[in-house]
Amino acid sequence: MPIINVSVTGKPDAKLSAAIAKDITEITATHLRKDPTITAVAVSYIDPQHWFAGGKSLAEHGTSTFWLDIKVVDGTNTKLELEAYLKAIFDAFGRLLGDVHEESYALVHEVPAAAYGFGGKSQEFRFISGRLKAA
C-alpha cells in the first residue's frame, strides 16, 4: 500500500506518466514486495529551467532528473531490498527519461504502522486483525 510521489523534469506527458507508474509499481512489487493492486503513484512535472543541481538548471546541464518519494511501513524491508530497490529505480528512470543527472533522488520513508493506512484503517490494525483471524 505504498504511496509513491514522483517528480520529473519536462512537460506533462500522459503516456510517460503511465509508463512511470507501471514501471515503478512493478519495481516496488518485485523489490519491496508491495501489493501492486494497492500501490498509488502520483507523477508531477517540473520545467527543467526550474530544477537545479550543482547551481545550474537541468536545462543548462542538458539532462533529465527525478525525485521519487515512497512511504512504506517500518521494518517491512531489509537493507539489501532497499539497496536493490534504489538501484532499480535509478536504472528505470534512465530508461524512461534518457540521460538522467547523477543528482536524481529516491527516498524510502519507513513509517510506523500505527500512523499509516488507507481506507480509514491503519496498517497496524490490518496486521492485528489478520493475526486474530489466523488464530
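Above this text sits the structure in question.
Below or above, wherever it landed, is the structure these notes cover.

Definitions and cut-offs
Residues numbered from 1 in each chain as written. Predicted model: local features only at pLDDT ≥ 70, side-chain atom pairs only at ≥ 80, totals over all residues. Heavy atoms only, no water. Phe/Tyr/Trp six-rings, centres within 6.5 Å; stacked < 30°, edge-to-face > 60°. Helix = DSSP H or I, 4+ residues; strand = E, 2+ residues; numbered from the N terminus. Buried < 20%, exposed > 50% of the residue type's maximum accessible area, 1.4 Å probe, protein only. Lys NZ or Arg CZ within 6 Å of the ring centre and 35° of its normal.

## Some remarks on the packing of aromatic side chains
- Evaluated as defined, the whole model comprises 2 aromatic pairs.
- Between Phe66 and Phe90, the ring centres sit 6.0 Å apart and the planes meet at 55°, which makes this aromatic pair tilted. Taken together, the positions of Phe66 in strand S5 (residues 66-73) and Phe90 in helix H3 (residues 79-97) put the pair 24 residues apart, joining distant regions of the chain.
- Take Phe90: its relative accessible area is 28%, and that puts it in the partly exposed class.
- Ring geometry for Phe66 and Phe93: centres 4.1 Å apart, planes at 15°, overall stacked. With Phe66 in strand S5 and Phe93 in helix H3, this pair connects stretches of sequence that are 27 residues apart.
- Judged by its relative accessible area of 2%, Phe66 falls in the buried class.
- Judged by its relative accessible area of 0%, Phe93 falls in the buried class.
- Each residue in the set Phe66, Phe90 and Phe93 is aromatic and connected to the rest through ring pairs, giving one cluster.
- For Arg126, the ring lying beneath its charged end belongs to Phe118, and the centroid distance is 3.8 Å.

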